[in-house]
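Residues per chain, in single letters:
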Amino acid sequence: MSDPQSDADRIRAKRLAKLQAGRSPPESTEASSASTPSQPPSVTNMEATPVKPRQSLSTSHPSAVQQLPQLPLKRKAPLSATDKVELSSWEDESITRIFKVTLDRSTAERSNYDLVWLKNLRAELLSEGRGQTSPLRSSGEILDRLLIARLELDPHTMSDDLEYVPVLASLPAQMTVFEYLVGCWKRLNKARNDLLRRNPVKEMQQASVLLEKIRGLVISYAGLNLQDPEMFPQPQGRDVGPSELVKPLLSLSMLSSPLASSSPADNSLDPIEVEPFLQDLARRFEPDNEIDSVLGPVVLQLLSHSSLARPEGIGGGDSSWRAVVTGVEVLVRVKSIAVMFTRLPEWNPPHATAASIEMSSLMGPLCRLGVFSREWPYIAETYFSDPSNRSRSDVESSYASLRGTVKSLQSSLFSIFNTLARASPEAKEAVLEYFATVVKLNVKRAGMQVDPHTVASDSFMINLHSVLLRFAEPFMDARYSKMDRIDPLYFAVSNRIDVKEETRIKATSEEAAQWAEEHRQGAGPPNFISEIFYLCNAMAHYGYLRTIQTYEDFGKHLDDLQRHHDMINGDRSWVGTPFQARTEATLNQCKLEMAKIQAHQLAFRVQLLEPDSVFRYTGFNNFVSTWLIRKVDPRGSHPQTTVELPLPQEVPMSFRVLPEYILEDVIEYFLFVVRHSPNSLDLSGKEELIVFALTFLMSTWCIKNPFLKAKINEAIFYGVLPYGHERNGILSGLLNSHPLALKNLIPAMTHFYIGVFIHTRNIAYILKAVWDSPIHREALNTEAKNVEKFVRFVNLMINDVTYLMDESLSELTQIHNLQAEMADQAAWQARPTQYRRERENTLRGLERHASGYTTLGKSTVGLLRDFTAETKAPFMMPEIVNRLAAMLDYNLEALVGPKCSELRVKEPEKYNFNPRHLLNDILQVYLNLSDEEEFARAVANDGRTYKPELFETAINKARKISLKPESELEQLHAFAIKVAETKATIEQEEDLGEIPEEFLDPLMYTLMRDPVTLPSSHVVIDRATIKSHLLSDAKDPFNRSPLSFSEVLPNPELKARIDAFVTERRSQAAAGRKPAGDSGNMDAAMD
């Protein structure tokens, strides 16, 4: 058998070699024999390396100490020169007290073996010739031998040495190596404080050096134990290694459940001691990045704590996840540990996917905490169960609780990332690259029909976005003084955000690539402000805005389920049939599904509409909208000097090549807030929204996508809908007072109405909200002076009225017929079940559509009423007046003609149908234009609908229901007589007999008055006809080639022939109507 003493020496040498390998700079040691161990390298190293002065405990943990009450301390007076002890005695006493070891048996016995007698080490030292001239004492020369000898002791070892059995028996059976070293570290700090306070020795410098040697040794072995906990004997059944430092980190949070070790307080880190201990570890292992292997496993274990993956997340009663947050905050306060965070491979895993990065990256498990029901269904199920039966106060209470928690989490996340970014330039770059990686991996979140399991979660993306918003706050001051620091060449010089596949605002991919190439040379790297600005935009696009879309989809799904439920419940044919049980089960399942979706909606609202988050994002959105305007402002000084509108037709390329999502997200977020939390804009956002909207509605050529232009208009539309105390919405006040709105709103609306070929019905609501302002009405009159532009606007308005009124009245007629059919119960029940079900489905579909059409039709007719009262000339243009008259006559007949009874439906208010109000508006349009000769002639010319008795019927009905005052009815009666007389005159004038084919308009088949030739198709057509056509369609109606009115060619020769023909036929007609001797009969007829 080998010698036990020799085996122990070999183990000791191996451990010393491991310790030596972890030190910098390493020193070579001579091989030692079993009987004569070499001087431990750690001691030599500590002597050779200057020791940095260590801060006192109070300065190393300022935050903790500042929280302690300032109590007067009783200080022991320093010892006088005669009372000071010898350095060797103080050294022996201090080492004995710190390590709790002794080389003297009697000393151990007197302490009842609280001091451990190192019998074997004593024998080794005696064999080396020590202790011959003086008693053996603990000294700095044998520090690491003392410590190793103590660490090697195993209380569970069996010994035949009866003299040593009491020593082994007195060892704490369950104390781990790390706990022992922590106890040494705490006693060391006490010894250092005593040294500084009492000055017990003359050689203070040597004494301080000794204590720092002890500190270095204790911290070195503590770090090595964290790496290799099996290096020395450990108690059975205890968690050792990194988890031993994780526990005190978790104990820092006062809100966490008790997670601390059950070890005695003397051997565990108190909360105020954790940070100083971490600082000591960092100082010792920072060189050559040794800290990565020492504290890296601790960080990984802390951030993979089970509390971060519990189903209840932040909503459960156990708030131990807060302890993880606090532990991370304390770790990153130490600069070298913060840098280490971003150096770990897990910080930004190279092979992470969109779905895995929130679990595989270092900060991911912490950043994915939240309330969104897809990843945290417990929140919706617990806080918002049975939503239809919850009171408003109950829901608000749940909101307050959860929002407070979310705010706390997001504040801590920013604190952590901010500390990391400030730790070093390399750490800052790593933080930015982590954000960029999340963006790159999650571009699919912006797609349609995305499987949520293939991308990062909503909570993860929104929490990172909240961090970026806080990073952006310093450069978003009220005066926008740092706006020019945003690098306009960012996408040319940086590849951090890949926009190659992104749609640009108004540029092709080739144009964008060429622009980037031209500006890449000589440009410097972007600054931190630019990085945060563009990353925040990208994270919002793939994060916050996609979550908003999910929330909106919940609403659409809920509407679909409600319609499905109503359809089944409305069809009672299943009652009393074998299908009744199955149908009732389907209805119950539908109700459960609707309740579930409502709970999801409430959970989403917690974070999406949290007031502080909305305020912060609104501030950033204001900044981006202002920045976009400055990009297109020729002076580049907005908002210091307000942008002049309209903008130049030449759009800067630096604006055109921007990703479209930057502009789109500004609109989408404004739209979301205006719809769901308009009061959030009371503090800021209303003015920015109006300026942004007017800028791009007045200058629609700056944006290529017509749907984006329509969304800008939609945001203003929702802003004028009634909300709270605002009868005309939250934007009405500014629209009627802001200088830019007073000058540009009416021109912007007309320009947008003309330039965007999308249903522009929302404009009627916007103009209604500002119509009481005389300044806006005057602006309309000014706009009407631009005849060509305003005529196009009026033409489109008439198109809308025609379409909406035709659809609404048609569907109301169908509803009337279906309701009449169902009212005859005997005949209805005799119909087959399938027939009844189909008719009921048809009725429900008509009811859904009719409400929208009637509402929009009513508002557009109201707009027409107001415009014709304010300005008449544009409505009298030849290409307008005939269409206007025909549309009015058609709708008047529908409301008061023989078939008006077909518009009578049950519950007309259900469809927003008010025939009295509609009739009043149409009659008012007649009254507004009644003094215009062209209008009277146009009404008389309406050969399809006009009948003299139509006006009489309308006047009688209006008088019967007191719709108009008598004075207006008399005015309307006079107009009806005027139209009848004009009709008689026209019939006399237009009795031209058979008209040659070449004189007839090819579209209207009426006599041309001013023929023109189309340049591409060479078709001859009447000027008024083609002008009216081009107002709605800028193409040749015969070959669909592009055509503008300025390109048509006059045909004077044909016009002269037509004029001669008309003159000839009228002369012939006049001669035929006046035979000799017949004048008396005509006079009698006139009488």
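Residues numbered from 1 in each chain as written. Predicted model: local features only at pLDDT ≥ 70, side-chain atom pairs only at ≥ 80, totals over all residues. Heavy atoms only, no water.

Student: I'm lost on the overall build of the chain in this one. Help?
Tutor: When you go through the chain residue by residue, the secondary structure sums to 46 helices and 5 strands. The buried share among the 1087 residues of the chain stands at 51%. Contacts in the chain between residues at least 24 apart in sequence constitute 75% of all its contacts with a sequence separation of at least 6. For the chain, the accessible area works out to roughly 50300 Å², and carbon and sulfur atoms hold 53% of it. (Helix = DSSP H or I, 4+ residues; strand = E, 2+ residues; numbered from the N terminus. Buried < 20%, exposed > 50% of the residue type's maximum accessible area, 1.4 Å probe, protein only. Contact = heavy atoms within 4.5 Å. Areas by Shrake-Rupley, 256 points an atom, 1.4 Å probe, with all protein chains shown as cover.)

Student: I would appreciate a short explanation of the pattern of salt bridges in the present structure.
Tutor: Between side chains of opposite charge, pairing is possible as soon as their charged atoms come close. All chains considered together, the criterion is met by 55 salt bridges. Asp484 is the salt-bridge partner of Arg630, the closest N and O atoms lying 2.9 Å from each other. Here Arg630, found in helix 27 (residues 611-632), pairs with Asp484, found in the loop between helix 22 (458-472) and helix 23 (490-493); they are 146 residues apart in sequence, far enough to count as distant. Across the pair Glu511 and Arg656 runs a salt bridge whose closest N-O atoms are separated by 3.5 Å. Taken together, the residues span a long stretch of sequence, with Glu511 in helix 24 (residues 509-520) and Arg656 in helix 28 (residues 653-656) at a distance of 145 residues. Note on Arg656: relative accessible area 18%, which makes it buried. (Salt bridge = Lys/Arg side-chain N within 4 Å of Asp/Glu carboxyl O.)

Student: Explanation requested: the nonpolar core in the structure shown.
Tutor: Looking at soluble globular proteins, one finds that nonpolar side chains tend to be buried together. Core analysis: the largest hydrophobic core is formed by 302 residues, its most contacted members being Phe99, Leu245, Leu295, Phe341, Phe417 and Phe935. With 17 residues, helix 25 (residues 528-570) is the largest single contributor of residues to this core. With sequence-adjacent residues up to four places away left out, Phe99 is seen in contact with Leu143, Leu146, Leu147, Tyr180, Cys184, Arg187, Ile214, Leu217 and Val218. (Core = buried A, V, L, I, M, F, W, Y, C linked by side-chain atoms within 4.5 Å.)

Student: What's the story with empty space enclosed by the protein in this structure? I'm lost.
Tutor: Considering all chains together, one arrives at 5 cavities of 30 Å³ or more under this definition. Estimates place the volume of the largest cavity at around 160 Å³. In this structure, the largest cavity is lined by 16 residues; those nearest its centre are Arg150, Leu153, Pro155, Met175 and Pro233. Residue assignment for the lining of the largest cavity shows that the elements contributing at least two residues are helix 8 (143-151) and helix 10 (177-198). (1 Å grid on protein atoms, 1.4 Å probe; cavity = no way out; pocket = protein on both sides within 12 Å on 5 of 7 lines; lining within 4 Å. Points joined across faces, edges and corners; volume = space filled by probe spheres on them.)

Student: When you look at the sheet that holds strand 5 (residues 1049-1050) in this model, what are you seeing that I'm missing?
Tutor: Strand order across the open sheet formed by 3 strands is 4-3-5, with antiparallel pairing between neighbours. Strands with a single pairing partner mark the edges of an open sheet, and in this sheet they are strand 4 (1020-1022) and strand 5. Running at roughly 85° to strand 4, helix 44 (residues 1023-1032) makes contact with strand 3 (1011-1013), strand 4 and strand 5 of the sheet. (Pairing = 2+ DSSP bridges. Axes fitted to C-alpha atoms, helices over the stretch in contact; angles between N-to-C directions.)

Student: How should the packing of helix 33 (residues 739-755) against helix 35 (residues 774-784) be read in this particular structure?
Tutor: Geometry of a packed helix pair, given as the angle between the helix axes and the separation of the axes. Relative to each other, helix 33 and helix 35 sit at 50°, their axes nearing to 9 Å. One finds that helix 33 runs oblique with respect to helix 35. As helix 33 runs across helix 35, the sense of the crossing is right-handed. Packed against helix 33, whose contacting residues are Ala741, Leu742, Leu745, Ile746, Pro747 and Thr750, the element helix 35 presents Ile775, His776, Ala779, Leu780 and Glu783 at the interface. In the contact of helix 33 with helix 35, the residues fall into 8 nonpolar, 2 polar and 1 charged. (Parallel < 35°, antiparallel > 145°, perpendicular 65-115°, else oblique. Left-handed = near helix turned anticlockwise from the far one by under 90°. Nonpolar A, V, L, I, M, F, W, Y, C, P; charged D, E, K, R; others polar.)

Student: Help me understand the environment of Glu426 in this model?
Tutor: Within the secondary structure, Glu426 sits in helix 21 (residues 425-441). Among the residues examined, Glu426 registers a relative accessible area of 58% and is labelled exposed. Spatially, the C-alpha atoms of Glu426 and Thr342 are 8.3 Å apart, while their sequence positions differ by 84 residues.

Student: I'm lost on helix 42 (residues 948-960) in this one. Help?
Tutor: An α-helical turn contains 3.6 residues, so any two residues separated by three or four positions project in the same direction. The first and last C-alpha atoms of helix 42 sit 19 Å apart over 13 residues, in line with the 18 Å expected at 1.5 Å per residue. Listed as buried for helix 42 are Leu950, Phe951, Ala954, Ile955 and Ala958. Seen along its axis, helix 42 keeps its buried residues to an arc of 130°; they face one direction. Note on helix 42: the residue one or two positions beyond its end, Ser962, has a positive phi of about 55°. (Expected span 1.5 Å × (residues − 1). Arc of directions from axis to C-beta.)

Student: Sorry, what's going on with the confidence of the model for the chain here?
Tutor: Should pLDDT be low for a region, the predicted coordinates there are not to be read in detail. Chain-level statistics for the chain give a pLDDT mean of 86 and a share of 89% at 70 or above. For residues 255-264, every residue scores under 50 in pLDDT, and the model assigns this stretch 19 contacts once sequence neighbours within four places are set aside. (pLDDT = per-residue confidence, 0-100.)

Student: Which parts of the structure should I look at to understand unusual backbone geometry?
Tutor: For residues besides glycine, phi is generally negative; the peptide bonds are generally trans as well. Residue His638 is joined to Pro639 through a cis peptide bond whose omega torsion reads 10°. Secondary-structure assignment places Pro639 in the loop between helix 27 and helix 28. Positive phi, normally seen in glycine, also occurs at Lys100, with a value near 55°. Among the structural elements, Lys100 can be located in the loop between helix 5 (87-99) and strand 1 (101-102). Unusually for a residue other than glycine, Tyr480 sits at a positive phi of about 55°. On the accessibility criterion, Tyr480 (13% relative accessible area) is buried.

Student: Explain the packing of aromatic side chains here, please?
Tutor: Given two aromatic rings, one states the distance between the centres and the angle between the planes to describe the pair. Following the criterion strictly, the structure yields 48 aromatic pairs and no others. Between Phe935 and Phe975 the ring centres are 5.5 Å apart and the planes differ by 15°, which places this aromatic pair in the stacked class. Placement of Phe935 in helix 41 (residues 933-941) and of Phe975 in helix 43 (residues 966-989) is noted, with a sequence separation of 40 residues between them. A relative accessible area of 2% places Phe975 in the buried class. With 6.2 Å between their ring centres and 50° between their planes, Tyr946 and Phe951 make a pair best called tilted. Both residues of the pair, Tyr946 and Phe951, count as buried. Put simply, the rings of Phe475, Tyr480, Tyr490, Phe491, Phe533, Tyr534, Phe620, Phe623 and Trp627 touch in pairs and so form one group of aromatic residues. Arg675 extends its terminal NZ or CZ atom over the ring of Tyr718, reaching a point 5.1 Å from the ring centre. When the ring centre of Phe1045 is taken as origin, the NZ or CZ atom of Lys1027, which lies over that ring, is 5.3 Å away. (Phe/Tyr/Trp six-rings, centres within 6.5 Å; stacked < 30°, edge-to-face > 60°. Lys NZ or Arg CZ within 6 Å of the ring centre and 35° of its normal.)

Student: Quick question: what am I supposed to make of helix 29 (residues 660-676) here?
Tutor: Given a rise of 1.5 Å per residue, 17 residues ought to cover 24 Å, and the 24 Å separating the end C-alpha atoms of helix 29 matches this to within 8%. Most of helix 29 is tucked away: 15 of the 17 residues are buried.

Student: When you look at the packing of helix 30 (residues 686-698) against helix 31 (residues 706-719) in this model, what are you seeing that I'm missing?
Tutor: Following both chains from N to C, one finds helix 30 and helix 31 inclined at 145°, their axes separated by 10 Å at the closest point. When you trace helix 30 past helix 31, the crossing you get is left-handed. Contact with helix 30, carried on its side by Leu689, Phe692, Ala693, Phe696 and Leu697, involves Lys709, Ile712, Asn713, Ala715 and Ile716 of helix 31 and no other residues of that element. Considering only residue class, the contact of helix 30 with helix 31 consists of 8 nonpolar, 1 polar and 1 charged.

Student: Quick question: what am I supposed to make of the side chain of Glu821 here?
Tutor: Checked against the element boundaries, Glu821 lands in helix 36 (residues 787-823). Only 2.6 Å separates the side chain of Glu821 from the side chain of Tyr835, close enough to count as a polar contact. Beyond its immediate sequence surroundings of up to four residues, Glu821 is in contact with Trp828, Arg831, Tyr835 and Arg839. (Polar contact = N/O pair within 3.5 Å; in protein donor to acceptor, adjacent residues only side chain to side chain.)

Student: It is not clear to me how the environment of Ala523 should be interpreted in this structure. Could you clarify?
Tutor: Position of Ala523 among the secondary structure elements: in the loop between helix 24 and helix 25. Those residues in contact with Ala523 that lie beyond four places of it in its chain are Leu489 and Val493.

Student: I keep staring at a nonpolar patch on the surface and nothing clicks. Help me out?
Tutor: On the surface, Leu1003, Met1004 and Phe1038 cluster together into a nonpolar patch covering about 290 Å² of accessible area. Within the secondary structure layout, Phe1038 lies in the loop between helix 44 and strand 5. (Patch = residues over 30% accessible without salt bridge, like charges linked within 9 Å, V, L, I, M, F, W, Y side chains within 5 Å.)

Student: I'm lost on the environment of Asn622 in this one. Help?
Tutor: The residue Asn622 is located in helix 27 in this model. Assessed through its relative accessible area of 2%, Asn622 is described here as buried. Taking the C-alpha atoms as reference points, Asn622 and Phe692, 70 residues apart in sequence, are found 9.1 Å from one another. Not counting the four nearest positions on each side in its chain, Asn622 is found in contact with Tyr480, Phe670, Ser684, Gly685 and Glu688.

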